[in-house]
Every structure is written in structure tokens, then in C-alpha cells.
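Notes for the structure review
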Amino acid sequence: MRWCKWIPAKCNVFMWRAWLDRIPTKVALSKRNINVGNNLCVLCDEAEETVDHVFAGCRFTDGIWNGVASWCRIPHLFLFSLHDVQNVNDQLGYSLVKKDIILGIMMIACWRIWKMRNEKVFKAANAITTQVLSDIKSLSFLWFNSRRKSARVGWKEWQSFSFDVM
Ligand SMILES: [Zn+2]
């Protein structure tokens, strides 16, 4: 798995656990004989809730990747697995810095999508694409700037995804 230096440890660790299939998706829990009712994805109710589904195949997540792609001005992302989430950058042919930024944003997105999923399960919250997207933008802005003091980026530049450090 690829690690990203500018995002918080909790996001890297989350991704690592997902990579090892160690986050409590319904399918993972039922494999451990824990009763979860049905195995359907909490976010879309359409397919089994596996790691690959939640972060790649899910209709809700696809809306998030659409938003990330248009924000970061990259082509539409066709993702089928968590492996794709981590490696889609290789197909893009951007500079190392830009790839690293996009990787970090995608890892933050996974972390936030899972948080949304848990809020839906435990607090009966609605999964709202625009809310998750705006959190991904503002959190990544905050975390990027706090770890790269030498090359701070303004909010306007971050929002339009056009800045010099690329
Ligand atoms: Zn789903």
C-alpha cells in the first residue's frame, strides 16, 4: 500500500486497515459469524458491503469520485477496487507532487466516506454527496497546509485546484 506524508496518520492507518480488509464491513463481520442482518451496502443498499464495493463500486462513492475528478481536473475515474483507488494516479501522467496531492485527497475521501457510512449506521444520518465533498476539500486544505509550511496554498487556489507547488 502507498502511504501519503501530508495526510494525518489516522487516514493512513485507516487506509492500511481497509487494505488488509480489517475494517468492519458487513461482509467482513458476517465472515466472523457476527449477525449484521443483511449484507447490503449501507450507502446504496444495492450490493454486498465489501471494501472494494464501498470505495470503488458503490453508487454513492462514484458520486464522490465524480466530484473529486472534476475538482482536481482529472478524467472521470473508473475504479473497481481499493487497489485502483491507490493506483489510478499512475495512469494520469502528472508530476510527482500533483500525484501525491491527488493520492492524499483520495485517501482522505475514503476515510470520510467510511465516516459517513458509520454516521448513517449509528446516528441515522443521511449520506449527502455535497457534504462529504465539501469536507474532503476543506480537510485536505487544512492538512495540506499544516504539513507543508514552506508552500502554503490559498483557499481560492485549493478550491480551483490551481497552484504553483505542482
Ligand atoms: Zn454501496
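Residues numbered from 1 in each chain as written. Predicted model: local features only at pLDDT ≥ 70, side-chain atom pairs only at ≥ 80, totals over all residues. Heavy atoms only, no water.

**A word on the overall build of the protein**
Of the regular secondary structure elements, the protein holds 8 helices and 0 strands. Overall, the protein shows an N-to-C arrangement of helices and strands of α-α-α-α-α-α-α-α. Scaling as 2.2 N^0.38, a compact globule of 166 residues should have a C-alpha radius of gyration of about 15 Å, and the protein matches this with 16 Å. Dimensions of the protein, computed from C-alpha atoms along their principal axes, come out at roughly 50 × 30 × 30 Å. A buried classification covers 47% of the 166 residues belonging to the protein. Per element, the accessible surface of the protein, about 8,500 Å² overall, is 53% carbon and sulfur. Of the charged side chains in the protein, 23 are positive and 14 negative; the average position of the first set lies 8 Å away from that of the second. (Helix = DSSP H or I, 4+ residues; strand = E, 2+ residues; numbered from the N terminus. Rg over C-alpha atoms; globule rule 2.2 N^0.38 Å. Buried < 20%, exposed > 50% of the residue type's maximum accessible area, 1.4 Å probe, protein only. Areas by Shrake-Rupley, 256 points an atom, 1.4 Å probe, with all protein chains shown as cover. Lys, Arg positive; Asp, Glu negative; His and termini not counted. Charge placed at Lys NZ, Arg CZ, Asp CG, Glu CD.)

**Points about the coordination of the zinc ion**
Summarising the metal site, the zinc ion is bound by the protein donors Cys41 (SG), Cys44 (SG), His53 (NE2) and Cys58 (SG), whose distances to it range over 2.1 to 2.4 Å. Classification of the site at the zinc ion rests on its 4 donor atoms, whose angles at the metal span 102 to 115 degrees, yielding the label tetrahedral. (Donors = N, O, S within 2.8 Å, 3.2 Å for Na, K, Ca; no water. Tetrahedral: all angles 85-135°; square planar, octahedral: opposite > 155°, others 65-115°.)

**Examining the side chain of histidine 53**
Here histidine 53 shows up in helix 3 (residues 51-57). A relative accessible area of 11% means that histidine 53 is categorised as buried. With sequence-adjacent residues up to four places away left out, histidine 53 is seen in contact with Cys41, Cys44, Ala47, Glu48 and Cys58. (Contact = heavy atoms within 4.5 Å.)

**Some details on helix 1 (residues 9-19)**
The complete set of buried residues in helix 1 reads Cys11, Asn12, Phe14, Met15 and Ala18. One side of helix 1 carries all its buried residues, which in axial view fall inside an arc of 160 degrees. In the core, the buried residues of helix 1 are packed alongside helix 3, helix 5 (82-87), helix 6 (96-123) and helix 7 (129-147). Downstream of helix 1 by a residue or two, aspartate 21 has a phi angle that is positive, lying close to 60 degrees. (Arc of directions from axis to C-beta.)

**Notes on the packing of helix 4 (residues 59-71) against helix 6**
Following both chains from N to C, one finds helix 4 and helix 6 inclined at 150 degrees, their axes separated by 11 Å at the closest point. Classified by the angle their axes make, helix 4 and helix 6 are roughly antiparallel. For the pair helix 4 and helix 6, the sense of crossing is right-handed. On helix 6, the residues that touch Phe60, Thr61, Ile64, Trp65, Val68 and Trp71 of helix 4 are Ile105, Met106, Ala109, Cys110, Ile113 and Met116. Considering only residue class, the contact of helix 4 with helix 6 consists of 11 nonpolar, 1 polar and no charged. (Axes fitted to C-alpha atoms, helices over the stretch in contact; angles between N-to-C directions. Parallel < 35°, antiparallel > 145°, perpendicular 65-115°, else oblique. Left-handed = near helix turned anticlockwise from the far one by under 90°. Nonpolar A, V, L, I, M, F, W, Y, C, P; charged D, E, K, R; others polar.)

**Some points on a nonpolar patch on the surface**
Together, Trp3, Val13, Trp16 and Leu20 make up an exposed nonpolar region whose accessible area comes to about 380 Å². When you line up the elements, leucine 20 lands in the loop between helix 1 and helix 2 (26-31). (Patch = residues over 30% accessible without salt bridge, like charges linked within 9 Å, V, L, I, M, F, W, Y side chains within 5 Å. Salt bridge = Lys/Arg side-chain N within 4 Å of Asp/Glu carboxyl O.)

**What about the nonpolar core?**
Core analysis: the largest hydrophobic core is formed by 53 residues, its most contacted members being Trp6, Phe55, Ile64, Trp65, Val85, Ile105 and Trp158. Every element with two or more residues in this core is listed here: helix 1, helix 3, helix 4, helix 5, helix 6 and helix 7. If one sorts the elements of this core by residue count, helix 6 sits on top with 13 residues. Non-local contacts of isoleucine 105, meaning those with residues more than four positions away in its chain, are made with Trp6, Val68, Trp71, Cys72, Ile136, Ser140, Trp158 and Phe161. (Core = buried A, V, L, I, M, F, W, Y, C linked by side-chain atoms within 4.5 Å.)

**Comments concerning unusual backbone geometry**
Backbone geometry places aspartate 21, a non-glycine residue, at a positive phi of 60 degrees. Positive phi values are uncommon outside glycine, yet phenylalanine 161 reaches one of about 50 degrees. Looking at the element boundaries, phenylalanine 161 is found in the segment after helix 8 (155-160). The class of phenylalanine 161 is buried, set by a relative accessible area of 3%.

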